[in-house]
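Residue strings, one per chain:
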Amino acid sequence: MRGIVINVQKGLYKVRPVNDGEDINCTLRGRLFKQSQTTKSMVVVGDYVEFQPVLGGRGVITAIEERKSKLVRKGAGKKGSHLEQVVAANVDQAILVFAVKNPKYRKNLIERYIVSAKYGGIEPVICFNKIDLINLSEVQEDIKEYRKLGYTVLLTSTITGEGIKKLKSLLKDKISVFAGSSGVGKSSLVNAIFNEKKTKTNEVSTSHYKGKHTTTSSQVYELPFGGRIIDVPGMREFGVIDNGTGIRDAFPDIIELAKQCKFRNCSHINEPGCAVKEAIESGLLEERRYRNYLKLKKSG
């Protein structure tokens, strides 16, 4: 039988059959289990698998299909920092959720998520949430900047309902992953989409304005109007792994400027005739964005 993995909990994989039927808890067949002991993110939410039902109402995963896309970050800690940690697989778009306040977004982090989405073959959508907490003029320049770069930008509030209808239209008939830091309101958005309480929500700590983890493991929700949501736990760290394609696609303005540099292999650091550095001096390119580009290029 063929199914999609909708939850992963310590070696137990909940699989939903693609041709109807009840969800079934599965383990990995012998050789796959051995492989999983040395392979990070071998089976993740969103993976399509083949499985066989066994006694006791359980199942055994016998094969894992190749992924068409993936949302990836660097593994946590020094030991795992060189490894890919796949957050979700086989998705069409990533709804990258950032709060305009409590906790306020950082543009460097937005760009990290965009690089990761592009690297994994996923279309990023930037969602500025909690817009009821501020005057829109406070973020208008950033909204214009990301839209100018070609990204879809949503403004949402689960308090006023603003942007929820537009969000639903973007989700229709697509597989979407909701990603972002803890406390940005991903779980509240999921509840607003369904107009009912599907998942727990937590208040943001007022002592340091950092989010508290609400979703503790990735969850899959089938949309009544067509499509599927993968809601992943909030991530306080998001290290980027890239082979060059993600950064190229996430910084199209800098890549375009680089074509005008005097030297073909310009590093955009101290070479003469660097169009990127000239754009910073003239105010056409934000220095913060340039420095984040160099940082991600070095770390990726």
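Look up a bit, the structure's there.
A quick note: this is a predicted structure, and the numbers were derived from the prediction, not measured.

(A) Highlighting the overall build of the protein chain. When helices and strands are tallied, the protein chain shows 10 helices and 13 strands. Across the 300 residues that make up the protein chain, the buried fraction comes to 49%. When contacts within the protein chain are restricted to residue pairs at least 6 apart in sequence, long-range pairs at least 24 apart make up 64% of them. Accessible surface for the protein chain amounts to roughly 15,500 Å². Of this, 48% is attributable to carbon and sulfur atoms.

(B) The environment of phenylalanine 33, seen in detail. Tracing the backbone through its elements, the reader meets phenylalanine 33 in helix H1 (residues 30-36). It is 10.0 Å that separates the C-alpha atoms of phenylalanine 33 and threonine 62, two residues lying 29 residues apart in sequence.

(C) Structural context of the sheet that holds strand S2 (residues 12-17). Spatially, the five strands close up into a barrel ordered S1-S2-S3-S5-S4, and their pairing is mixed. Each neighbouring strand pair of the sheet contributes to a mean axis angle of 50°, computed without reference to strand direction. As paired strands, strand S3 (residues 24-28) and strand S5 (residues 58-64) are joined by three bridges and run parallel to one another. Considered in S5, the bridge of cysteine 26 is made with glycine 59.

(D) Structural view of the pairing of strand S12 (residues 219-222). For S12 and strand S13 (residues 228-231), the ladder comprises four bridges, and the chain directions are antiparallel. Across the sheet, residue valine 220 finds its bridge partner in S13, namely isoleucine 230. Linking two consecutive strands that pair antiparallel, namely S12 and S13, is a turn of five residues; a positive phi of about 100° is found at glycine 226 within it.

(E) Quick peek at the sheet that holds strand S10 (residues 152-155). Judged by pairing direction, the sheet is mixed, and its six strands sit side by side in the order S10-S9-S8-S11-S13-S12 without closing on themselves. The open sheet has two edge strands, S10 and S12, and neither has a second partner. Across the sheet, the mean angle from the axis of one strand to that of its neighbour is 25°, orientation sign disregarded. In the packing of helix H3 (residues 107-119) onto the sheet, the strands contacted are strand S8 (93-99), strand S9 (123-129) and strand S11 (175-179), and the crossing angle to S9 comes to about 155°.

(F) Highlighting the side chain of threonine 62. Residue position: threonine 62 is located in strand S5. Take threonine 62: its relative accessible area is 12%, and that puts it in the buried class.

What counts, and where the lines are drawn
Residues numbered from 1 in each chain as written. Predicted model: local features only at pLDDT ≥ 70, side-chain atom pairs only at ≥ 80, totals over all residues. Heavy atoms only, no water. Helix = DSSP H or I, 4+ residues; strand = E, 2+ residues; numbered from the N terminus. Buried < 20%, exposed > 50% of the residue type's maximum accessible area, 1.4 Å probe, protein only. Contact = heavy atoms within 4.5 Å. Areas by Shrake-Rupley, 256 points an atom, 1.4 Å probe, with all protein chains shown as cover. Pairing = 2+ DSSP bridges. Axes fitted to C-alpha atoms, helices over the stretch in contact; angles between N-to-C directions.

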